[in-house]
Amino acid sequence: MIKKVATLSIWLLSCVGAISVGFSTKDTFRSLALKKGIETGVAVAVSDLNKEAHINIIKENSSIVVAENCMKWQYIHPAENKWYWKDVDDLVKFAESNEMNVKFHTLFWHNQNPSFLSEKWSREKAIAVMDDHIATIMTRYKGRIKEYDVVNEMFDEDGSLRKTIWLNTIGEDYIEHALIKARECDPKAKLYLNDYSNETMGHPKADAMFNFVKKLKEKGVPIDGVGFQLHIDTAYGFDADRIRKNVKRYADIGVLVSFSEVDVRIPQKNFESHLAKQQKIYRDLLKIAVEEPNVPNFIMWGFTDAQSWVPYTFRGKGHALPYDEKLNPKPFYEEMLKDLKK
Ligand code: XIL
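Since the model is a prediction, treat every value here as computed from it, not as a measurement.

S.K.: Requested: an account of the packing of aromatic side chains, with residues and values cited.
M.R.: In this description, a pair of aromatic rings is defined by centroid distance and the angle of the planes. Taken as a whole, this structure holds 17 aromatic pairs when the rule is applied. Here the aromatic rings of Phe 228 and Tyr 250 are separated by 6.1 Å at their centres, their planes lie at 65 degrees, and the arrangement is edge-to-face. With Phe 228 in strand S6 (residues 225-228) and Tyr 250 in helix H10 (residues 240-252), this residue pair connects regions lying 22 residues apart in the sequence. Both residues of the pair, Phe 228 and Tyr 250, count as buried. Joined through ring pairs, the aromatic side chains of Trp 73, Phe 108, Phe 116, Trp 121 and Trp 166 make up one cluster. Here the guanidinium or amino end of Lys 103 rests over the ring plane of Tyr 192, the centre of that ring lying 4.2 Å away.

S.K.: If you had to explain the packing of helix H6 (residues 123-140) against helix H8 (residues 174-185) to someone new, which residues and values would you point to?
M.R.: Between H6 and H8, whose axes approach to 9 Å, the crossing angle comes to 35 degrees. The hand of the H6/H8 crossing is right-handed. Along the contact surface, H6 presents Ile 127, Met 130, Asp 131, Ile 134, Ala 135 and Met 138, while H8 presents Tyr 174, His 177, Ala 178, Lys 181, Ala 182 and Cys 185. Partitioning the contact of H6 with H8 into residue classes produces nine nonpolar, one polar and two charged.

S.K.: Outline the layout of surface pockets, listing residues and values.
M.R.: Empty space within the second largest pocket amounts to approximately 470 Å³. Ser 197, Glu 199, His 231, Tyr 236 and Arg 265 are the residues nearest the centre of the second largest pocket, which is lined by 19 residues in total. It is strand S7 (residues 231-233) that provides the largest number of residues to the lining of the second largest pocket, a total of three residues. Residues of the lining of the second largest pocket, tallied by class, amount to eight nonpolar, seven polar and four charged.

S.K.: Break down H6 for me, with residues and values.
M.R.: The end-to-end C-alpha distance of H6, which contains 18 residues, comes to 26 Å, matching closely the 26 Å that a straight helix rising 1.5 Å per residue would cover. Taken as a whole, H6 has its buried residues at Ala 126, Ile 127, Val 129, Met 130, Asp 131, His 133, Ile 134, Ile 137 and Met 138. If you follow the buried residues of H6, they end up packed against helix H4 (73-76), strand S3 (101-108), strand S4 (147-152), helix H7 (165-169), H8 and strand S5 (190-195).

S.K.: Which residues make up the nonpolar core, and what are the values?
M.R.: Membership of the largest hydrophobic core comes to 97 residues, with the highest contact counts inside it found for Tyr 148, Trp 166, Leu 193, Tyr 250, Phe 259 and Phe 298. Contact partners of Phe 259, with chain neighbours within four places excluded, come to Phe 228, Leu 230, Val 247, Leu 285, Ile 288, Ala 289, Val 295, Asn 297, Phe 298 and Ile 299. Core analysis: the second largest hydrophobic core is formed by five residues, Ala 43, Ile 64, Val 66 and Trp 301 among them.

S.K.: Give me the lowdown on empty space enclosed by the protein, citing residues and values where you can.
M.R.: Under the criterion given, the structure shown has one cavity of 30 Å³ or more. When its volume is computed, the largest cavity comes out at roughly 30 Å³. Forming the walls of the largest cavity are Ala 43, Ala 45, Asp 48, Glu 68, Gly 302, Phe 303, Thr 304 and Gln 307.

Analysis parameters
Residue positions are given per chain, counted from 1 along the sequence in the order it is written. Two thresholds apply to this predicted model, a pLDDT of at least 70 for residue-level local features and 80 or more for giving and counting side-chain atom pairs, whereas whole-chain, interface and lining totals are computed over all residues. Values reported for side chains reflect all heavy atoms of the structure, with hydrogen atoms and water molecules removed beforehand. In this analysis, rings of Phe, Tyr and Trp, with Trp reduced to its six-membered ring, are considered paired at centre separations within 6.5 Å, and the interplanar angle assigns stacked below 30 degrees, edge-to-face beyond 60, and tilted for intermediate values. Secondary structure elements follow DSSP: runs of H or I of four or more residues count as helices, runs of E of two or more count as strands, with numbering from the N terminus. Relative accessibility decides the category of a residue: with a 1.4 Å probe and only protein chains considered, values under 20% of the type maximum give buried, values over 50% give exposed, and everything between is partly exposed. Charges are assigned to positions over rings by a cutoff of 6 Å between ring centre and Lys NZ or Arg CZ, combined with an angular limit of 35 degrees from the ring normal. Helix axes are fitted only over the stretch in contact, all axes being lines through C-alpha atoms; the angle between N-to-C directions runs from 0 to 180 degrees. When the near helix sits turned anticlockwise from the far one by under a right angle, the crossing is termed left-handed; a clockwise turn instead gives a right-handed crossing. Contacts are assigned to residue pairs with any non-hydrogen atoms lying within 4.5 Å of each other. Amino acids are sorted into nonpolar (Ala, Val, Leu, Ile, Met, Phe, Trp, Tyr, Cys and Pro), charged (Asp, Glu, Lys and Arg) and polar (every other residue, Gly among them). A pocket here means an open set of points on a 1 Å grid, computed over the protein atoms alone, that has protein on both sides within 12 Å along at least five of seven lines. A cavity is instead a set of points where a 1.4 Å probe fits but cannot get out; residues with an atom within 4 Å of a point line either one. Grid points are joined across faces, edges and corners, and a volume is the space filled by probe spheres set on the points. Given the number of residues in a helix, its expected span is that number minus one, multiplied by 1.5 Å. Buried Ala, Val, Leu, Ile, Met, Phe, Trp, Tyr and Cys residues form a nonpolar core when they are joined through side-chain atoms within 4.5 Å.

Below, the structure is given as structure tokens:
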């Protein structure tokens with residue numbers, strides 16, 4: 001079943017692209033998902049684009065790509081009047097020559113920032129810096145980057161707004177200010193707010209985010225979607241029904257939900273005994289993404305365990321991605337392919 005006409009046109013385009021750039025038209029995760037009306041993709045590291053085997057995997061899996069790091073402030077805007085474009089330009093060119101969309105991740109976040117950002121700035125100064133950051137990036141990539149994580153991880157665990165430099169200098173309206181400015185700079189770009197632990201209806205952060213976005217919509221602030229990062233640990237509860245319900249309530253208020261950074265981590269020790277649980281979670285998530293009309297994409301946070309943020313961030317955890325360290329596809333990934341063929 002075709003979920004969305006807009007996506008069908010990307011799929012047709014990608015078939016033409018496949019012929020003209022000469023890669024095979026065999027069924028791939030990318031092509032099968034597009035037939036179901038959903039974009040898929042992976043986070044790409046700068047070094048991936050120098051490795052043929054990695055490039056092939058990215059092509060097989062992605063109709064949308066996102067940068068794992070090079071779009072973050074620290075890299076793209078390291079000093080007030082200094083910009084570093086090369087890595088982002090390269091990724092955008094790579095995406096264009098392979099008929100892929102690009103998601104910009106992320107304009108504002110509390111991590112991976114340059115040292116020139118200052119908590120001591122006045123509201124006016126912080127707004128000026130924020131506006132310059134948005135305008136410079138979105139003007140440069142206008143029409144080429146079609147979606148943006150405007151703000152990343154804006155909530156604390158209890159659902160209050162995280163005390164970031166932007167909240168502390170500008171105040172609570174910094175998010176709507178950023179959204180309004182972003183819409184002004186590229187009216188066609190899709191604007192997202194992205195976070196983690198926001199997927200399960202009833203979780204304080206999930207409910208806080210929904211209520212926040214609902215208010216933005218009521219006020220007429222431009223927002224197209226929210227991102228559920230979905231960095232999942234099999235050790236904690238996973239409730240597919242409540243995730244689906246959460247997706248549906250966003251549909252009711254006309255908001256998209258991107259599955260934006262999926263990975264499912266398991267313990268390194270005796271990892272085999274956790275694979276069944278992991279497989280179920282991946283397949284449940286993909287099923288929701290395919291079936292719910294307001295989920296446009298399913299993006300994984302990388303593709304190989306050889307290059308995942310998980311073991312560096314969560315002690316003793318790993319095996320979170322669809323390809324092992326030797327780039328062999330895993331059984332759960334093969335099962336997802338089968339599900340897409342059904
Ligand atoms: C991570 C990258 O994967 C790491 O390489 C980097 O050192 C830190 O950031 N949520 C996000 C992503 O929104 O930007 C993070 O990416 C992972 C968690």
